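# Coordinate analysis (summary)
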Amino acid sequence: MAVKLYGIPMSRASRCLWMLEELGIPYENVPVHFLGEAQKPEFLKINPNGRIPALDDDGLVLFESLAINLHLARKYDGGKGLWPKSQDDQSRAIQWSIWAMTELEPPVMAVLQNRVFLPEPQRNEAVAKAGEATLARPLGVLESALSGRPYLLGDGFSVADLDVHAVLGLAPTFGKMKFDATPNVAAWLKRCGERPALARAMGRR
Ligand SMILES: N[C@@H](CCC(=O)N[C@@H](CS)C(=O)NCC(=O)O)C(=O)O
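Figured I'd write up the structure that's included with this text. Keep in mind it's a predicted model, so treat the numbers as computed, not measured. (Residues numbered from 1 in each chain as written. Predicted model: local features only at pLDDT ≥ 70, side-chain atom pairs only at ≥ 80, totals over all residues. Heavy atoms only, no water.)

Viewed as axis vectors pointing N to C, helix H4 (residues 87-117) and helix H6 (residues 159-168) meet at an angle of 5 degrees, and their least axial separation amounts to 9 Å. Overall, the two elements H4 and H6 adopt an arrangement that is roughly parallel. Along its contact with H4, which presents Ala93, Trp96, Ser97, Trp99, Ala100, Leu104, Glu105 and Val108, the element H6 presents Val159, Ala160, Asp163, Val164, Val167 and Leu168. Considering only residue class, the contact of H4 with H6 consists of 11 nonpolar, one polar and two charged. (Axes fitted to C-alpha atoms, helices over the stretch in contact; angles between N-to-C directions. Helix = DSSP H or I, 4+ residues; strand = E, 2+ residues; numbered from the N terminus. Parallel < 35°, antiparallel > 145°, perpendicular 65-115°, else oblique. Contact = heavy atoms within 4.5 Å. Nonpolar A, V, L, I, M, F, W, Y, C, P; charged D, E, K, R; others polar.)

Structure below.
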């Protein structure tokens, strides 16, 4: 099979599984676990970072979940609208994807690690609260960007929405963050969260 995604679904690989399901292309999911398996020499040949996900697209090997999504959308969109038509919108999609990784992911993970993922004795509520405080500014940016439009680039769902939602969407899933102060974000989280392709990707968990 030409497209192979490495990584168990219960991980950041779910971001790319969502994209693959949106695109509806044939793919194989190789369920490499992030604990142990991803650091073995045979996997380090695929991703020298020792992390999942990684993609092998007919010999092109990529790491970084959102870079993989930008590649998949650009190459396989086939008119579905995941990859925007205009060059300006393509640049905006890249901007939102990098923004999700740099501005959103660190504080979102600080909240989730310290309220959900870490064993209870290792959790630190002060770090979770600091994460929430840091999130206020990017959430304000997202709230404004979604004012008067249903999706980040306008009327249609695109890779920009998928990549930002894939990072932020975890927070409401675990019920550990409220979005009452940002109603546009709350409505958009719900709208994107109801996509059948996301349900199919999550169903692999
Ligand atoms: N920025 C990377 C992060 C990948 C990452 O940290 N993946 C985790 C699983 S969700 C992992 O493989 N962790 C194993 C490790 O850090 O050793 C991406 O988005 O692809």
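Here the narrative resumes, following the displayed structure.
Moving on: the pattern of salt bridges. Scanning the model with the defined rule gives 10 salt bridges in all. Residue glutamate 21 pairs with arginine 200 through a salt bridge whose shortest N-O separation is 2.9 Å. Pair noted here: glutamate 21 is in helix H1 (residues 13-23) and arginine 200 is in helix H9 (residues 196-202), with a separation of 179 residues, a long-range link. Of the residues examined, glutamate 21 reaches a relative accessible area of 16% and is grouped as buried. A relative accessible area of 42% places arginine 200 in the partly exposed class. With a closest N to O distance of 2.8 Å, glutamate 194 and lysine 190 form a salt bridge. The same class applies to glutamate 194 as to lysine 190, namely exposed. (Salt bridge = Lys/Arg side-chain N within 4 Å of Asp/Glu carboxyl O. Buried < 20%, exposed > 50% of the residue type's maximum accessible area, 1.4 Å probe, protein only.)

Moving on: the nonpolar core. Grouped together as the largest cluster of nonpolar side chains are 54 residues, with contacts concentrated most on Trp18, Trp96, Leu142, Leu152, Val164, Leu168 and Trp188. Residues contacting leucine 152, with those up to four places away along its chain left out, are Trp96, Leu142, Ala145, Leu146, Ala160, Asp161, Val164 and Trp188. Membership of the second largest hydrophobic core comes to seven residues, among which are Tyr6, Ile8, Ala38 and Ile52. (Core = buried A, V, L, I, M, F, W, Y, C linked by side-chain atoms within 4.5 Å.)

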